[in-house]
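One letter stands for each residue in the lines below.
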Amino acid sequence: MTERPEPLKGVRVIDLTQVLAGPYCTYQLALLGAEVIKIERPGGEQTRFSDVIPELSQTGLGLAFCVQNAQKDFIELNLKDQRDLAILHNLIVDADVLVQNFRPGVAERLGIGESSARQCNSSLIYCSISAYGGEGPIGGRPAYDHIVQAMSGIMNTTGTEEMGPVKVGAPYVDYGTGLNAAFAITSALLERNRTGEGQSIDVAMLDTAMILMANNLATTATTGREPPKLGNEAASGSPSSGTFDTAEGLLAIAANTESQFKDLCRALNHEEWIEDPRWASPNKRQKNIASFRERLNESFLKDTAIRWEMILVDVGVPASRVRTIGEVLEEGQPASRELLAEIKVANTSVKIPGIGFKLNGHSLVPQRAPKTVGADNKKWIGE
């Protein structure tokens, strides 16, 4: 096995972010080997005190903070104090990247906008993360994940016509924005290597939310048609794909191709469906979807979701019982991929996800736990 890869080793990042999207971005950079120095206001940011695990939140190391702040150094500065602002400017001199997610205009007022930062370091990569960017009819507005879900249209594509719009359960816009920003920064590092010039990056949560539904976005922008609320139906619209009740549990299947349709029919012991004139082609199945779905529903109710999953996967039809997160973890696939690292935080064992891919066979997970506010002041500024 090769050494643990550190593609960003030697890259120094000043992290002026808080909550989820920005810290998740810099966390990805830290996992890739960058030296990340997180600057916090006096007392630390709000997610330190989340109460998912009370004994951690009481120490200022709440789990919601730990998830995206391992593998970093921590400095406590009051950027409204000129002395502390000067300390930050000195740190910027030797940095490669600065990431901030203040509301547009706030960084400038604090004296850490892009122009001020470039006076300290002309070759700096300056990354701004915000809800909507600084321009446009709603540029500059503040927002959180669920607000951007509402603004972007994703809520209007989720749920069913009967239940109305539904928010995606996880803060996917925050985490997607963090990944988008990390991608932008690694790209900017390559561009700076090519040109020798500093780079400016502008990442907006709304942009990220919309490109994460690229097909829907392109369809509406091109045709003017809004996508339907699919609920648990497959995006393909295939009559032989979707989510079905079984004797126990829900089953999701994706028989999108003609060969998968035929394999599905055989697995259900209904090979005669393949030649049935109502369902013998994709167009005919779509036209007679009600009668076809009625037969599928009857068949799936004869056994459990997990049993059907095993039968269908065995014949090459993608299928899964609808699981909880806990069930997925218990079954061991994330562990086989080494997706999580178990680390000690304030004498409590917590499991933190690492980076979402393997590099040279390595799953890049955190090696160091998050620290308390200002834990590295002495290391970086001698206090």
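Draft legend 1. Looking closely at the overall build of the protein. A count of helices and strands for the protein gives 17 helices and 13 strands. Oriented by its inertia axes, the alpha-carbon framework of the protein measures out at about 80 × 50 × 40 Å. Counting over 383 residues, the protein shows a buried share of 44%. Across the protein, every contact between residues at least 6 apart in sequence was considered, and the portion connecting residues at least 24 apart equals 66%. Accessible surface for the protein amounts to roughly 19,400 Å². Of this, 52% is attributable to carbon and sulfur atoms.

Draft legend 2. Representation of the pattern of salt bridges in the model. Applying the stated rule across the entire model yields 23 salt bridges. Residue Asp-73 is joined to Lys-371 by a salt bridge in which the shortest nitrogen-to-oxygen separation is 3.1 Å. Of the two residues, Asp-73 sits in strand β3 (residues 73-76) while Lys-371 sits in the loop between β13 (362-363) and α17 (377-381), which places them 298 residues apart along the sequence.

Draft legend 3. Quick peek at unusual backbone geometry. The phi torsion at Val-19 lies on the positive side, around 70°, for a residue other than glycine. Phi is positive for Ala-346, close to 50°, though the residue is something other than glycine.

Draft legend 4. Local environment of the side chain of Gln-100. Mapping Gln-100 onto the fold places it in strand β4 (residues 97-100). In terms of polar contacts, Gln-100 uses its side chain to reach the side chain of Tyr-126, at 3.5 Å. Once residues lying within four places of it in the same chain are set aside, the contact partners of Gln-100 are Leu-16, Thr-17, Ala-107, Tyr-126, Cys-127, Ser-128 and Ile-129.

Draft legend 5. Focus on the sheet that holds strand β1 (residues 12-16). Taken in spatial order, the six strands line up as β3-β2-β1-β4-β5-β6 in an open sheet, and their pairing is parallel. Looking at which strands have only one partner, the edges of the open sheet turn out to be β3 and β6 (199-204). Averaged over all neighbouring strand pairs, the angle between strand axes comes to 20°, with direction disregarded. Of the pairings in the sheet, the one linking strand β2 (residues 35-40) to β3 comprises four bridges and is parallel in character. Each bridged residue has a counterpart across the sheet, and for Ile-37 the counterpart in β3 is Asp-73.

Draft legend 6. Spatial organisation of the environment of Thr-2. Within the secondary structure layout, Thr-2 lies in the segment before β1. Of the residues examined, Thr-2 reaches a relative accessible area of 47% and is grouped as partly exposed. Separated by 360 residues in the primary sequence, Thr-2 and His-362 have C-alpha atoms spaced 8.5 Å apart. In this view, Thr-2 contacts Asn-360 and His-362; residues no more than four positions away in its chain are not counted.

Draft legend 7. View of the environment of Pro-23. Tracing the backbone through its elements, the reader meets Pro-23 in helix α1 (residues 21-31). Residue class for Pro-23 comes out buried when judged on its relative accessible area of 0%. If near-sequence neighbours (up to four positions away) are discounted, Pro-23 is found in contact with Thr-17, Gln-18, Lys-38, Glu-45, Gln-68, Asn-69, Lys-72 and Asn-101.

Draft legend 8. Spotlight on the packing of aromatic side chains. Applying the stated criterion to the full structure yields nine aromatic pairs. Measuring from centroid to centroid gives 5.9 Å for Phe-65 and Phe-74, while their planes differ by 45°, and the two rings are tilted. When its relative accessible area of 0% is taken as the criterion, Phe-74 is described as buried. Taken together, a centroid distance of 5.8 Å and an interplanar angle of 75° make the contact between Trp-273 and Phe-292 edge-to-face. Of this pair, Trp-273 sits in the loop between α11 (258-267) and α12 (282-287) while Phe-292 is found in helix α13 (residues 289-300), placing the two residues 19 residues apart along the sequence. Relative accessible area serves as the criterion here: at 0%, Phe-292 is assigned to the buried category. An aromatic cluster of three or more residues is present, and its members are Phe-261, Trp-273, Trp-279 and Phe-292. Positioned over the ring face of Phe-74 is Arg-48, at 5.3 Å from the centre of the ring. A cation sits over an aromatic face here: Arg-285 above Phe-261, 3.6 Å from the ring centre.

Draft legend 9. Broad picture of the sheet that holds strand β9 (residues 319-321). The strand order across the open sheet formed by three strands is β7-β8-β9, and the pairing between neighbours is antiparallel. The two strands at the open ends of the sheet, each matched to only one other strand, are β7 (241-245) and β9. Put simply, the sheet's adjacent strands are angled 15° from each other on average, direction ignored. Relative to strand β8 (residues 250-254), β7 runs antiparallel, the two being bridged by five bridges. In the strand pairing of β8, Thr-243 is matched with Ala-252.

Draft legend 10. Representation of the nonpolar core. Among the nonpolar cores identified, the biggest contains 37 residues, and Val-13, Cys-25, Leu-29, Val-97, Val-99, Cys-127 and Ile-185 are the most heavily contacted of them. A total of six residues in this core trace back to one element, the largest contributor, which is α1.

Draft legend 11. Main features of the environment of Met-155. Its place among the elements puts Met-155 in the loop between α7 (145-152) and α8 (172-195). A sequence separation of twelve residues divides Met-155 from Lys-167, and the C-alpha atoms of the two residues are 5.1 Å apart. Residues in contact with Met-155, not counting those within four places in the same chain, are His-146, Gln-149, Ala-150, Pro-165, Val-166 and Lys-167.

Draft legend 12. Structural context of α1. Most of α1 is tucked away, with eleven of its eleven residues classed as buried. Turning to α1, its buried residues are Ala-21, Gly-22, Pro-23, Tyr-24, Cys-25, Thr-26, Tyr-27, Gln-28, Leu-29, Ala-30 and Leu-31. Contact partners of the buried residues in α1: β1, β2, β4, β5 (125-130), α8 and β11 (348-353). Backbone geometry just downstream of α1 places Gly-33 in the positive-phi region, at approximately 105°.

The rules behind these values
Residues numbered from 1 in each chain as written. Predicted model: local features only at pLDDT ≥ 70, side-chain atom pairs only at ≥ 80, totals over all residues. Heavy atoms only, no water. Helix = DSSP H or I, 4+ residues; strand = E, 2+ residues; numbered from the N terminus. Buried < 20%, exposed > 50% of the residue type's maximum accessible area, 1.4 Å probe, protein only. Contact = heavy atoms within 4.5 Å. Areas by Shrake-Rupley, 256 points an atom, 1.4 Å probe, with all protein chains shown as cover. Salt bridge = Lys/Arg side-chain N within 4 Å of Asp/Glu carboxyl O. Polar contact = N/O pair within 3.5 Å; in protein donor to acceptor, adjacent residues only side chain to side chain. Pairing = 2+ DSSP bridges. Axes fitted to C-alpha atoms, helices over the stretch in contact; angles between N-to-C directions. Phe/Tyr/Trp six-rings, centres within 6.5 Å; stacked < 30°, edge-to-face > 60°. Lys NZ or Arg CZ within 6 Å of the ring centre and 35° of its normal. Core = buried A, V, L, I, M, F, W, Y, C linked by side-chain atoms within 4.5 Å.

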